[in-house]
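# Geometric and topological summary
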Amino acid sequence: MNVILFGATGMLGRGVLRECLRDDSVDGVLAVGRRPLGVTHPKLRERVQDDPSDLSAAGVDPAATTPASSASESPPSA
C-alpha cells in the first residue's frame, strides 16, 4: 500500500507519518506540505509546495477524483 499524506508537519500528521513508516504493509509515503519535514526514511518521499491542495504534486488527476459525497448521491428526503 502507498500513502499520500497531507499535513505531516502538524501534531496529528506527524503521528500518522510515524505509524506509516513503521508499518510493514506500507510500501511508501508521499508527504505533501508547505514546510519541509526534516525527516528521512527509505519509504518517504516529500513534496514541498505553496499550495498543498494542488493534487498534481501527488500525481493525481483532479478530474478523476470525486468528493466523499458525490453529486450522484440522492439527498436525504424530508
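Residues numbered from 1 in each chain as written. Predicted model: local features only at pLDDT ≥ 70, side-chain atom pairs only at ≥ 80, totals over all residues. Heavy atoms only, no water.

## Section: the nonpolar core
When a protein is soluble and globular, its nonpolar side chains tend to lie buried together. The condition is simple: Take the buried residues of types Ala, Val, Leu, Ile, Met, Phe, Trp, Tyr and Cys, join any two whose side-chain atoms come within 4.5 Å, and each joined set is a nonpolar core. Throughout this description, buried means an accessible area under 20% of the type-specific maximum (1.4 Å probe, protein chains only), exposed means over 50%, and partly exposed covers the range between. Helix numbering and strand numbering both begin at the N terminus, where a helix is a DSSP run of H or I of at least 4 residues and a strand a DSSP run of E of at least 2. Note on contacts: a residue pair is in contact if any heavy atoms of the two residues lie within 4.5 Å.
With 11 residues, the main nonpolar core is built from Val 3, Leu 5, Ala 8, Leu 17, Cys 20, Leu 21, Val 26, Val 29, Ala 31, Leu 37 and Leu 44. The set of elements that each furnish at least two residues to this core consists of β1 (2-6), α1 (11-22) and β2 (28-33). Sort the elements by how many residues they give to this core and α1 lands first, with 3 residues. The contacts of Leu 21, once residues within four sequence positions are left out, are Val 29, His 41, Lys 43 and Leu 44.

## A few points about the sheet that holds β1
The condition that has to hold: A strand pair is defined by DSSP finding two or more bridges across the two strands. As a rule, the C-alpha atoms of each element are fitted with a line to give its axis, helices using only the stretch in contact, and angles between N-to-C directions run from 0 to 180 degrees.
Within the open sheet, the 3 strands sit side by side as β1-β2-β3. Their pairing is parallel. Each end of this open sheet is capped by a strand with a single partner; those strands are β1 and β3 (44-48). Averaged over all adjacent pairs, the angle separating strand axes in this sheet is 15°, with direction ignored. In terms of strand pairing, β1 meets β2 through 5 bridges, oriented parallel. Directly across from Leu 5, in β2, lies its bridge partner Ala 31. On top of the sheet, α1 reaches β1, β2 and β3; it is set at about 165° to β1, its chief contact.

Remember that the coordinates give geometry; whether it matters functionally is a separate question.
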